[in-house]
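What follows is the residue order along each chain.
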Amino acid sequence: WDSIVGRRVTRAQRAGWNYLGNQQRADGAWIPLWFGNQHREGEENPLYGTAKVVLAYCETGRGGDARSRKGLKWLAGWVGETLENPSGTAVEEMALAVEALAAASVGDADPAKAADPDIRNALRLGLDWLIRAVETGAHSEPTPIGLYFAKLWYYEKLYPLVFAVAALGRASQASGVVSETVDSPVTEPAQITASPLDSRGAAVEHRASSPAVRVGT
């Protein structure tokens, strides 16, 4: 019985990895079904999809897979581009990016990839922004990133809290990253000079004109 179940599980896993491989975009991102971004063309949220798939690769010992590497490169680019103009940056999204980038430096991830300077620098920058956001209380302001089929946007106040805790916990396992961030403040131009609280305030003001439904407690 165990061998029969094991074979079925193996086939299901193989089918799942094949599906994910076929769904990856040419630029390295994955598009999720139930999450979006109101401020992005097409209202898609490739950040959410890519972060979750990269986590799956890293947590199952597939961090060295070419698809995982491509996804990590996309995430590193997203962090850099986002922090060039951080106004309106969502804690939920940055936390997801940090968690996935940190996963490349711990566990079964490929050590060679963990040493990639672009990925490590993106992790350090994203982690610095996230720490400041939490210190200023920005993690208590949810962003409507949930999206139903009928274009009904919703937010969940636990998302930024849960995602931030997961990201900080993962980053604490990444060798040297936390100490680098805490001991060596980021001084690169204007990428994270804006207060996360101010940025969140701008985001809240913007979405006030777009109806969003709160779910959960």
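Residues numbered from 1 in each chain as written. Predicted model: local features only at pLDDT ≥ 70, side-chain atom pairs only at ≥ 80, totals over all residues. Heavy atoms only, no water.

A.B. asks: Honestly, helix α7 (residues 158-173) in this entry has me stumped. Any pointers?
C.D. replies: For an α-helix, the turn length of 3.6 residues means that residues three or four places apart are oriented alike. Compared with the 22 Å implied by 1.5 Å per residue over 16 residues, the 23 Å span of α7 between its first and last C-alpha is a close match. Buried within α7 we find Tyr 159, Pro 160, Phe 163, Ala 164, Ala 167, Arg 170 and Ala 171. The buried residues of α7 occupy an angular sector of 135 degrees when the element is viewed end-on, so they sit on one face. Of the residues in α7, the exposed ones pointing more than 90 degrees away from the buried face are Val 165, Ser 172 and Gln 173. (Helix = DSSP H or I, 4+ residues; strand = E, 2+ residues; numbered from the N terminus. Expected span 1.5 Å × (residues − 1). Buried < 20%, exposed > 50% of the residue type's maximum accessible area, 1.4 Å probe, protein only. Arc of directions from axis to C-beta.)

A.B. asks: When you look at a nonpolar patch on the surface in this model, what are you seeing that I'm missing?
C.D. replies: A cluster of nonpolar side chains, namely Leu 158, Leu 161, Val 162 and Val 165, defines an oily patch on the protein surface of about 330 Å² accessible area. Topologically, Val 162 is positioned in helix α7. Note on Val 162: relative accessible area 46%, which makes it partly exposed. (Patch = residues over 30% accessible without salt bridge, like charges linked within 9 Å, V, L, I, M, F, W, Y side chains within 5 Å. Areas by Shrake-Rupley, 256 points an atom, 1.4 Å probe, with all protein chains shown as cover. Salt bridge = Lys/Arg side-chain N within 4 Å of Asp/Glu carboxyl O.)

A.B. asks: Any chance you could explain the nonpolar core here in plain terms?
C.D. replies: Within soluble globular proteins, side chains that are nonpolar generally end up buried alongside one another. Core analysis: the biggest nonpolar cluster contains 44 residues, and Leu 75, Val 79 and Leu 101 have the highest contact counts within it. Secondary-structure elements contributing two or more residues to this core are α2 (46-59), α3 (66-84), α4 (91-103), α6 (117-135) and α7. Sorting elements by how many residues they give to this core places α4 first, with 10 residues. Filtering out sequence-adjacent residues up to four positions away, Leu 101 remains in contact with Leu 72, Leu 75, Ala 76, Val 79, Ile 119, Ala 122 and Leu 123. (Core = buried A, V, L, I, M, F, W, Y, C linked by side-chain atoms within 4.5 Å. Contact = heavy atoms within 4.5 Å.)

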